[in-house]
Amino acid sequence: MIYLLKTCLGLFLIAWCVFGVWLVVRYGRLFGPHADDPAESPGARSFGVTHVGIVWFGFFALAGYFLFR
C-alpha cells in the first residue's frame, strides 16, 4: 500500500513540475499586462506571480515531504 501511495506522489510531482514549466513558458500570457485592464499596476501583477509561486512551491514541498518521509 505504501508503494502505491509513493508512486502516486511521485507521479504527482512529475505532473506538478510539468505544470510549473508550463507556467514559466506561458509567463507573458498569464502574468503580463491585461488588455482589458490597462490600469493594473505592476505591483498587482507581481503579487499574483508571487501568490502562484508560493502555492506551487508549497504543494511541491508537502508532496516531497510525504514522498521521502
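What you are looking at is a predicted structure, and each value in this text was computed from that prediction instead of being measured.

1. Describing helix α1 (residues 2-25)
Then step 1. For α1, built from 24 residues, the straight-helix expectation of 34 Å at 1.5 Å per residue is met to within 8% by its first-to-last C-alpha distance of 35 Å.
Then step 2. Among all positions of α1, only Gly-10, Leu-13, Trp-16, Gly-20 and Leu-23 are buried.
Then step 3. Check the buried side of α1 and you find it contacts α2 (27-31) and α3 (42-68).

2. Focus: α3
Then step 1. When the terminal C-alpha atoms of α3 are compared, their 38 Å separation across 27 residues agrees well with the 39 Å that a helix rising 1.5 Å per residue should span.
Then step 2. Among the residues making up α3, those that are buried are Ala-63, Gly-64 and Leu-67.
Then step 3. Considering only its buried residues, α3 is in contact with α1.

3. Considerations on the confidence of the model for the protein
Then step 1. Summing up the model confidence of the protein, the mean pLDDT is 88 and the portion of residues at 70 or higher is 100%.
Then step 2. Here α2 stands out as the least confident element of the protein, with mean pLDDT 83; α1 is the most confident, with 93.

Reading the values: the criteria
- Residues numbered from 1 in each chain as written.
- Predicted model: local features only at pLDDT ≥ 70, side-chain atom pairs only at ≥ 80, totals over all residues.
- Heavy atoms only, no water.
- Helix = DSSP H or I, 4+ residues; strand = E, 2+ residues; numbered from the N terminus.
- Expected span 1.5 Å × (residues − 1).
- Buried < 20%, exposed > 50% of the residue type's maximum accessible area, 1.4 Å probe, protein only.
- Contact = heavy atoms within 4.5 Å.
- pLDDT = per-residue confidence, 0-100.

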